Amino acid sequence: MKYNELFELNKNFRPAYIINEEDISYWKLFIPNNPFNEILDCTLKSLTSSLTQEKKSIWVQGTFGTGKSHAGAVIKHLLWDDYENLRDYENVLKIELKEKLKNYRQNNRVFPIVLKGISGITNNKNLILVIEKAVKEALTKNGITVNVKSDFERWIEHVEKNDFLNWDKIISDNQILKMHVNNKDELLLKLKNNDIDILNNLENIISQQNIHFSTSNISNWLSDIADDLKNKGIASSLMIFWDEFTSILELNNAKTILNEIQNIAELLSPQGKVFLYIICHKMVEQAVPLEDVKRIQGRFYPHDYSMTTLTTYHIMSTYIKKKDIKLFESQLHEHINSNPQLLKLISDLANDNCENRMRDIKNLFPIHPYTGYIATYISRYIGSAQRSIFNFLHDSNKGFLKFINENPDTNNNIFLTADWMFDYFFEEFEKDGSEKINYILNHYLNVKNELENNENGYINVFKTIMLLNILHQEVYFGEDIKQLTPTTTNLKRIYLGTNLENQIDDILNFIDSKNFVSKTPDDRFVIHTIGLPNAPEDEEIKKEIEKKYENIVKILDYNPKAIEEFKSFFTTNILRESEINFYSASTNL
């Protein structure tokens, strides 16, 4: 029997959530987690606070496949949908969040506008048109009319009513415009369809005659829309959900476009009129030059949306659907529950012996428990739109589908092991571009042929050693990475219960004796990359950063959220009014 007779992927789940092409109720499949709870709580605080300095937009960062787009869609629905349609979902929320949401929604709704990626934006003028178009399309979709004209509507009015301009002649005299329309009627049809290219061409042509019909201030226009909706009792605020915002940050003129977007957050969020909900693969600190970081942090609440270990286990185990529960339980008993060492491993990986977590780890079968653990870190730090943990599950060339189609094989491969992850994400590692990871990959390529000539299993273990070395480069400082360290003990546990279990010592001795990776005195198989020289410009940058953050006060200034968390920690049990300040040890008081 092959595993594809026992397992299939849950058809209700998808590798990526497309926020601007939603199914009606698919958003309700989202499983709330700690990062989501924090973002929802922060969003409600921003919407409800009476303090203008607390009314900010939201900036959510997370690697591909973490569920941040799905989380954003859930918040969008919670703030806008008819509340009766939320009754079946509100019960999955934490009690305090459920009450906060319920209290807010009694008299409030937030009208959502959705944007994704570049959306044709090349400059600030395009930005204005793209936002206007998105707003108008959202209003039309919801059957709402407003008394505020967009640029498209202003141009339609001028084309229809201004007889001093011969529009047919303007079209015939302009080669670019003539490529798209033949006469005034076709021009009006394009404008009524919100064609941004046509409007841009038209604006450029007419502006040469010193005639201007377009708006010059998108913040004022959005403010007028928000006022109109509020006066009609339709919505208390607007919220622009902008997914895949990273592509905007990668434009050559990103800074000027970002400045315009910041202006919206700066002018309108404190008034409670318009909020931005940015969904990005970069935190503010990574996205903009250092000198702009503080400015943006003053306008946005930054949130890191990473997949928690518990969430990754739960979602992956839900993804893998069992066709025959009795047969699955029989396999689970044979390969996991009857193996005390594997049960001990699962208990250790579950950390707090949590029954739910242990059940989810078991339900990952035929994915090895340790592979599931490694997957939680890959989901946080590695991946792209093309390659994420959930793309891995759907992949039939190098991923989970290939494994269940081919296994168990003649070698009795029972578990999907970590080397499969190395193969699948190899291209992502190459794209990383960092010198240390390239060094590890080049080392692998230099020796892999010799290992492939050995008995089955040598190359698998070597790939896993490479994977753990790469994760050591990617995982943030401060995380508990003891179980990601390529030690003999960990490598044995990674292949526990597999057909390689009894060969690990021999394989590791071979790898060590051949100096493919030399074992250190503390039993680690580490690729040493720290000796690589740094470029002179890197040293200059390093000195500049060290000077900028030479003491704790400067470091805290870099992250206002941390300051508030520290202050809260110190004042939690103080009953009287108090003021907390931070000083460097080098300060003369």
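Preceding block: the structure.
The sections below set out a description of the structure shown in this document. This is a predicted model, so every value here is computed, not measured.

A few points about helix H9 (residues 184-192)
Those residues of H9 that fall on the buried side of the exposure criterion are Leu187, Leu188 and Leu191. Projected down its long axis, H9 shows its buried positions confined to an angular sector of 100°, all on one face. The outward face of H9, more than 90 degrees from its buried face, is lined by the exposed residues Asp185 and Leu189. Regarding H9, its N-cap is Asn183, as a side-chain oxygen of that residue lies 3.1 Å from the backbone nitrogen of Asp185 further along. One or two steps after H9, the chain reaches Asn194, where phi turns positive at roughly 55°.

Some remarks on the layout of surface pockets
Gaps left between atoms are located by rolling a probe of water-molecule size over the structure's atoms. Approximately 790 Å³ is the volume found for the largest pocket. Every residue lining the largest pocket is counted, 25 residues in all, and those nearest its centre are Asn20, Lys76, Val114, Ala138 and Lys141. Contributions of two or more residues to the lining of the largest pocket are made by helix H2 (68-80), strand E3 (110-116) and helix H5 (124-141). Ranked by the residues each element gives to the lining of the largest pocket, the list is headed by H5, at six residues. Of the residues in the lining of the largest pocket, the class split is eleven nonpolar, four polar and ten charged.

A few points about the packing of helix H17 (residues 325-337) against helix H18 (residues 340-349)
Interaxial distance between H17 and H18 falls to 8 Å at its minimum, and their mutual angle equals 90°. Judged on the interaxial angle alone, H18 and H17 are roughly perpendicular. Seen from H17, the contacting residues are His335, Ile336 and Asn337; seen from H18, they are Leu342, Leu343 and Ile346. Here the contact of H17 with H18 is composed, by residue class, of four nonpolar, two polar and no charged.

As for the pattern of salt bridges
All told, the structure shown has 18 salt bridges when counted by the stated rule. Note that Asp195 and Lys190 form a salt bridge whose closest N and O atoms lie 4.0 Å from each other. Of the charged contacts in the structure, one is a salt bridge between Lys492 and Asp505, with a shortest N-O distance of 3.2 Å. With Lys492 in helix H26 (residues 488-494) and Asp505 in helix H27 (residues 504-513), this residue pair connects regions lying 13 residues apart in the sequence. Bridged by salt links that share partners, the residues Glu84, Arg87 and Glu90 form one connected network.

Definitions and limits used
Residues numbered from 1 in each chain as written. Predicted model: local features only at pLDDT ≥ 70, side-chain atom pairs only at ≥ 80, totals over all residues. Heavy atoms only, no water. Buried < 20%, exposed > 50% of the residue type's maximum accessible area, 1.4 Å probe, protein only. Helix = DSSP H or I, 4+ residues; strand = E, 2+ residues; numbered from the N terminus. Arc of directions from axis to C-beta. Polar contact = N/O pair within 3.5 Å; in protein donor to acceptor, adjacent residues only side chain to side chain. 1 Å grid on protein atoms, 1.4 Å probe; cavity = no way out; pocket = protein on both sides within 12 Å on 5 of 7 lines; lining within 4 Å. Points joined across faces, edges and corners; volume = space filled by probe spheres on them. Nonpolar A, V, L, I, M, F, W, Y, C, P; charged D, E, K, R; others polar. Axes fitted to C-alpha atoms, helices over the stretch in contact; angles between N-to-C directions. Parallel < 35°, antiparallel > 145°, perpendicular 65-115°, else oblique. Contact = heavy atoms within 4.5 Å. Salt bridge = Lys/Arg side-chain N within 4 Å of Asp/Glu carboxyl O.

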